[in-house]
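# Coordinate analysis (summary)
Listed below are the residues making up each chain.
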Amino acid sequence: MFSELFTCIQCGTCVASCCVRLNIRRSIAKFVSSGIFWDENLWNCTTCHLCQDRCPRGIPITDLIVQARSKVVENGRVPRDIRAMLESIQKYGNPFNVSRAKRREWMNGLKLKFAEESDFEYLWFVGCSVVDDRIKSVVRKTYELLKIAGIDFAVLKDENCCGCDVKAVGEEGLFEYLMEKNMEVFGSVKADKIIVNSPHCYHVFKNYYGLEVYHVTQILLEAIENERIRFKNLIEKTVTYHDPCYLGRYNKIYEEPRKILEAIQVNLVEMQRNRERSLCCGAGGGNIVRDVEFRPALRRIDEAKSVNADVIAVACPYCLRMLEDSAKIKNVEIEVLDVVELLYEAVFGHSD
Ligand code: SF4
Ligand code: SF4
């Protein structure tokens, strides 16, 4: 195990790439001399994949960090906050310690079709982040846009966590269990095609469950291109788009969110680190539930301000939460909005 690490040439590219300033080169040097590839800092890895993509020796660094976590988890040595996240997923089906009834609140007042009771073309899987009021608002706007686009969709009465963070913290057993249970549900409602808001759901559904899955930006862009969505309002704002790691680097979806922004005619500007070089928001790999010392999202706010953006557009609920919190901490004037919210504004006008 970890034999790939012996090919490391100690170039330091991974260290220079790391959004949370992990010294992977030092961890590898320690491994080479001691045979142990682990230190507690590896819990801070956001699994952003940048070091792995940039390593000149092709060492699967991110994958090896997750494997190292698995060994630690097997021995029961899990940090308290990650243990709480795993317990919450087992108890409530989401990482945020929120009841299933509270999770369903986003549905209030909407004329939803339920997958358990109806035929449908797409199963829309809204994801665990909907327990947060800010994300709930994005999800409800997604509903309006899917409706106006004429998409035939249904939702589950009760969703369970997709397991992306569970896998990233190395809890393989729980991940396998969640995947099996979710696949049973998807099979029972005959879900052939799934729409998701979260790149984390997208990633595991596509690459581990083996499902046909679409990020909501792909579905909405197609509706725009087929003129099933039309705009009433111009969005006269300078917008920069922040690529989420699990949509971009992991799954190579870079253009669809940008094309939506271009379609609604914002002034789209790029930060220096974009697409495959995008800076992580800091939430992946279980860090969404942790109070970490180093927040890359604070730096991302500076990068967005440096290109004079009025808005940072995101396509991931985790990025939205991390960047919005960071903008508040820094007390800078910049809006953090999901691409869905900007599109909603172009189609329906302001809702708040
Ligand atoms: S980028 Fe790859 S080769 Fe360079 S120090 Fe990191 S692991 Fe070693
Ligand atoms: S995956 Fe990202 S956060 Fe983790 S060590 Fe590599 S660069 Fe750092």
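It should be emphasised that the depicted structure is a prediction, and the values quoted were computed from it without experimental measurement.

What follows is about the overall build of the protein chain. What the protein chain contains, in helices and strands, is 15 helices and eight strands. Here the C-alpha atoms of the protein chain give a radius of gyration of 20 Å, agreeing with the 20 Å that 2.2 N^0.38 yields for 352 residues. Across its three principal directions, the C-alpha atoms of the protein chain cover 65 × 50 × 35 Å. Buried positions account for 58% of the 352 residues belonging to the protein chain. Considering only residue pairs separated by 6 or more positions, the protein chain has 75% of its internal contacts joining residues 24 or more positions apart. As presented, the protein chain carries roughly 15,200 Å² of accessible surface, and 45% of it is formed by carbon and sulfur atoms.

With that settled, the discussion passes to the nonpolar core. Note that soluble globular proteins tend to have their nonpolar side chains buried in a common cluster. If you look at the biggest cluster of nonpolar residues, it comprises 134 residues, and the most contacted ones within it are Phe37, Trp106, Trp124, Phe186 and Phe205. Of the residues forming this core, the biggest block, seven residues, is contributed by helix α15 (residues 339-348). If we skip the residues at most four places from it in the chain, Phe186 touches Leu123, Phe125, Leu156, Ala191, Ile194, Phe205, Tyr209 and Leu211.

Close contacts around ligand 1 come from 13 residues, with Cys8, Cys11, Gly12, Cys14 and Cys55 the closest. Here the shell around ligand 1 is composed, by residue class, of nine nonpolar, three polar and one charged.

Among the 13 residues in the neighbourhood of ligand 2, the closest are listed as Cys18, Cys45, Cys48, His49 and Cys51. Each residue belonging to the shell around ligand 2 can be placed in one class, and the counts come to nine nonpolar, four polar and no charged.

With that out of the way, let us pick up the sheet that holds strand β6 (residues 267-269). Overall, parallel pairing links the four strands, which are arranged β6-β5-β7-β8 in an open sheet. Two strands close off the open sheet at either side, each with one partner strand: β6 and β8 (335-338). Strand-to-strand, the axes of this sheet are offset by a mean angle of 35 degrees, without reference to chain direction. Pairing of strand β5 (residues 238-241) with β6, which is carried by three bridges, proceeds in the parallel orientation. Looking across to β6, one finds that Thr238 is bridged to Asn267. The strands touched by helix α12 (residues 255-263) are β5, β6 and β7 (311-314); relative to β5, the strand with the most contacts, the crossing angle is about 170 degrees.

For the protein chain, the assigned domains read domain 1 (3-74), domain 2 (80-221) and domain 3 (232-348). Domain 2 and domain 3 are separated by 21 Å when their C-alpha centres are compared. Between domain 2 and domain 3, roughly 3,000 Å² of surface is buried when both sides are summed, and carbon and sulfur atoms account for 73% of that area. Summed over the shared surface of domain 2 and domain 3, the result is four salt bridges. The interface formed by domain 2 and domain 3 holds eight residue pairs in polar contact (both at pLDDT 80 or more) in total. Taken together, the elements giving at least two residues each to the side of domain 2 that touches domain 3 come down to α5 (80-92), α7 (133-148), α8 (164-168), α10 (199-207) and α11 (216-225). With nine residues, the single largest contributor to the side of domain 2 that touches domain 3 is α7. When the residues that make up the side of domain 2 that touches domain 3 are grouped by side-chain class, the tally is 16 nonpolar, 11 polar and seven charged.

Right, let's get into α12. Regarding α12, the residues found buried are Pro257, Arg258, Ile260 and Leu261. In a view along the axis of α12, the buried residues occupy a sector of 155 degrees, so they form one face of it. Buried residues in α12 make contact with α11, β5, β6, β7 and α15. Phi turns positive, to about 65 degrees, at Gln265, one or two residues after α12.

Calculation notes
Residues numbered from 1 in each chain as written. Chains lettered and ligands numbered in written order. Predicted model: local features only at pLDDT ≥ 70, side-chain atom pairs only at ≥ 80, totals over all residues. Heavy atoms only, no water. Helix = DSSP H or I, 4+ residues; strand = E, 2+ residues; numbered from the N terminus. Rg over C-alpha atoms; globule rule 2.2 N^0.38 Å. Buried < 20%, exposed > 50% of the residue type's maximum accessible area, 1.4 Å probe, protein only. Contact = heavy atoms within 4.5 Å. Areas by Shrake-Rupley, 256 points an atom, 1.4 Å probe, with all protein chains shown as cover. Core = buried A, V, L, I, M, F, W, Y, C linked by side-chain atoms within 4.5 Å. Near = heavy atom within 4 Å. Nonpolar A, V, L, I, M, F, W, Y, C, P; charged D, E, K, R; others polar. Pairing = 2+ DSSP bridges. Axes fitted to C-alpha atoms, helices over the stretch in contact; angles between N-to-C directions. Domains from an automatic or database assignment. Buried area = accessible area lost by both parts, 1.4 Å probe. Salt bridge = Lys/Arg side-chain N within 4 Å of Asp/Glu carboxyl O. Polar contact = N/O pair within 3.5 Å; in protein donor to acceptor, adjacent residues only side chain to side chain. Arc of directions from axis to C-beta.

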